[in-house]
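Secondary and tertiary structure notes
What follows is each chain in one-letter form.
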Amino acid sequence: GAGVSQTPSNKVTEKGKYVELRCDPISGHTALYWYRQSLGQGPEFLIYFQGTGAADDSGLPNDRFFAVRPEGSVSTLKIQRTERGDSAVYLCASSPSRNNEQFFGPGTRLTVL
Amino acid sequence: GEDVEQSLFLSVREGDSSVINCTYTDSSSTYLYWYKQEPGAGLQLLTYIFSNMDMKQDQRLTVLLNKKDKHLSLRIADTQTGDSAIYFCAESSSTDKLIFGTGTRLQVFP
């Protein structure tokens with residue numbers, strides 16, 4: 001079956017612009033996670049959804065970052081007033097339930113000029 | 001806070017065994033994981049171990065866990081060039097989120 005998909009695969013934007021990154025989880029997976037991977041680093045947790053609600057958003061770096069999952073499936077990560085330090089690969093993962101294996105998507109590479 | 005550390009680089013000859021090490025700080029970790037990341041590809045779960053286990057073997061992979069020292073290792077037997085990748089150690093506790101190390105780049109040469 002289809003794995004986790006993320007769009008776009010690459011996004012180049014200018015400092016100060018708004019961006020949206022999309023994640024399509026594996027069908028039926030109730031848990032969805034966003035991570036950010038900077039160059040040469042391991043992924044860092046951003047936010048976790050169980051169904052439609054954000055169960056843990058402790059990893060969001062500041063209030064410019066926001067994520068939604070309105071119908072409990074597709075999720076969108078939104079970044080306002082982008083800064084050069086936001087440049088990274090944004091990874092999405094889904095899981096059948098909490099405390100289960102997380103399946104990762106290929107990521108969206110965001111470059112802020 | 002939680003922290004996971006790994007050495008940055010490992011180089012081995014094809015056919016030899018590779019051992020990648022990891023230390024973590026969270027004593028409440030319930031699962032510990034090894035992920036593989038190849039260029040342009042997503043993270044692939046290789047194996048995991050529950051915190052009450054000492055060892056887990058899965059074909060060429062052996063995971064050893066020393067909970068007292070908070071030390072985790074991944075041994076790859078008969079390392080092949082296709083094993084060249086970045087390997088991440090990760091841990092999770094009751095909060096579900098994964099805490100990753102910085103990754104160990106494994107280079108396999110003929």
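Everything numeric in this text was worked out from a predicted model, so none of it was measured. (Residues numbered from 1 in each chain as written. Chains lettered and ligands numbered in written order. Predicted model: local features only at pLDDT ≥ 70, side-chain atom pairs only at ≥ 80, totals over all residues. Heavy atoms only, no water.)

Attention shifts here to empty space enclosed by the protein. Which parts of space are left empty comes out when a probe the size of a water molecule is rolled across the atoms. Under the defined criterion, the tally for this structure stands at one cavity of 30 Å³ or more. Estimates place the volume of the largest cavity at around 40 Å³. For the largest cavity, the full set of lining residues is Tyr-33, Asn-99, Asn-100 and Gln-102 of chain A together with Tyr-33, Ser-92, Asp-96 and Leu-98 of chain B. Of the residues that constitute the lining of the largest cavity, the class distribution is three nonpolar, four polar and one charged. (1 Å grid on protein atoms, 1.4 Å probe; cavity = no way out; pocket = protein on both sides within 12 Å on 5 of 7 lines; lining within 4 Å. Points joined across faces, edges and corners; volume = space filled by probe spheres on them. Nonpolar A, V, L, I, M, F, W, Y, C, P; charged D, E, K, R; others polar.)

Before going further, it helps to examine the confidence of the model for chain B. Summing up the model confidence of chain B, the mean pLDDT is 92 and the portion of residues at 70 or higher is 97%. When pLDDT is averaged over each element of chain B, strand S2 (residues 9-13) of chain B comes out on top at 97 and strand S5 (residues 43-50) of chain B at the bottom at 92. (pLDDT = per-residue confidence, 0-100. Helix = DSSP H or I, 4+ residues; strand = E, 2+ residues; numbered from the N terminus.)

The next thing to look at is the pairing of strand S4 (residues 31-37) of chain B. Within a regular beta strand, the side chains point alternately toward one face of the sheet and then the other, so they alternate between its two faces. Residues and elements named next belong to chain B. Burial runs high along S4: six of the seven residues are buried. Here seven bridges tie S4 to S5, and the two strands are oriented antiparallel to one another. Directly across from Gln-37, in S5, lies its bridge partner Leu-43. Where S4 folds back on S5, the antiparallel hairpin that results is connected by five residues, among which Gly-40 adopts a positive phi of roughly 75 degrees. Examined bridge by bridge, S4 and strand S9 (residues 85-92) share seven bridges and lie antiparallel to one another. Bridge pairing links Tyr-31 to Ser-92 in S9. (Buried < 20%, exposed > 50% of the residue type's maximum accessible area, 1.4 Å probe, protein only. Pairing = 2+ DSSP bridges.)

Time to look at the layout of surface pockets. Of the volumes computed, that of the largest pocket is approximately 790 Å³. Broken down by secondary-structure element, the contributors of at least two residues to the lining of the largest pocket are strand S9 (88-95) and strand S11 (108-112) of chain A together with S9 and strand S11 (104-109) of chain B. Counted by class, the lining of the largest pocket contains 13 nonpolar, 18 polar and three charged residues.

All names here are of chain B. For Asp-83, the location among the structural elements is in the loop between strand S8 (71-76) and S9. On the basis of relative accessible area, Asp-83 is assigned to the buried category, the value being 7%. One polar contact links the side chain of Asp-83 to the main-chain amide nitrogen of Gln-80, over a distance of 2.8 Å. Setting aside anything within four residues of it in sequence, one finds Asp-83 in contact with Lys-36, Arg-60, Ile-76, Asp-78, Leu-106 and Val-108. (Polar contact = N/O pair within 3.5 Å; in protein donor to acceptor, adjacent residues only side chain to side chain. Contact = heavy atoms within 4.5 Å.)

Let's shift gears to the interface of chain A and chain B. On the chain B side, the residues contacting the 19 residues of chain A number 15 residues. Roughly 1,400 Å² of surface becomes buried between chain A and chain B when both sides are summed, with 51% attributable to carbon and sulfur atoms. Put simply, chain A and chain B have zero salt bridges between them. Here the side of chain A that touches chain B gets three residues from one element, more than from any other, and that element is strand S4 (residues 31-37) of chain A. (Buried area = accessible area lost by both parts, 1.4 Å probe. Salt bridge = Lys/Arg side-chain N within 4 Å of Asp/Glu carboxyl O.)

Next up on the list: the packing of aromatic side chains. Evaluated as defined, the whole model comprises 14 aromatic pairs over all chains. When the centroid spacing of 4.8 Å and the interplanar angle of 10 degrees are considered together, the rings of Tyr-33 of chain A and Tyr-48 of chain A count as stacked. Separated by 15 residues along the polypeptide, Tyr-33 of chain A in strand S4 and Tyr-48 of chain A in strand S5 (residues 44-50) bring together distant segments of the chain. A relative accessible area of 0% places Tyr-33 of chain A in the buried class. What makes Tyr-48 of chain A buried here is its relative accessible area of 4%. Aromatic pair Tyr-33 of chain B and Tyr-35 of chain B: ring centres 6.2 Å apart, planes at 40 degrees, arrangement tilted. Across the pair, exposure class does not vary: Tyr-33 of chain B and Tyr-35 of chain B are buried alike. The rings of Tyr-33, Tyr-35, Phe-45, Tyr-48 and Phe-104 of chain A together with Tyr-31, Tyr-33, Tyr-35, Tyr-48, Phe-50, Phe-88 and Phe-100 of chain B are connected pair by pair, giving a single aromatic cluster. (Phe/Tyr/Trp six-rings, centres within 6.5 Å; stacked < 30°, edge-to-face > 60°.)

In total, this model carries two disulfides over all chains according to the counting rule given. Between Cys-23 of chain A and Cys-92 of chain A runs a disulfide, and the two sulfur atoms are separated by 1.8 Å. Handedness of the Cys-23 of chain A-Cys-92 of chain A disulfide follows from its S-S torsion of about -65 degrees: it is left-handed. Separated by 69 residues along the polypeptide, Cys-23 of chain A in strand S3 (residues 19-24) and Cys-92 of chain A in strand S9 bring together distant segments of the chain. There is no split in this pair, since Cys-23 of chain A and Cys-92 of chain A are both buried. Residue pairing for Cys-22 of chain B: its cysteine sulfur links by disulfide to Cys-89 of chain B, the two sulfurs lying 2.0 Å apart. Handedness of the Cys-22 of chain B-Cys-89 of chain B disulfide follows from its S-S torsion of about -60 degrees: it is left-handed. Of the two residues, Cys-22 of chain B sits in strand S3 (residues 18-24) while Cys-89 of chain B sits in strand S9, which places them 67 residues apart along the sequence. (Disulfide = S-S within 2.5 Å.)

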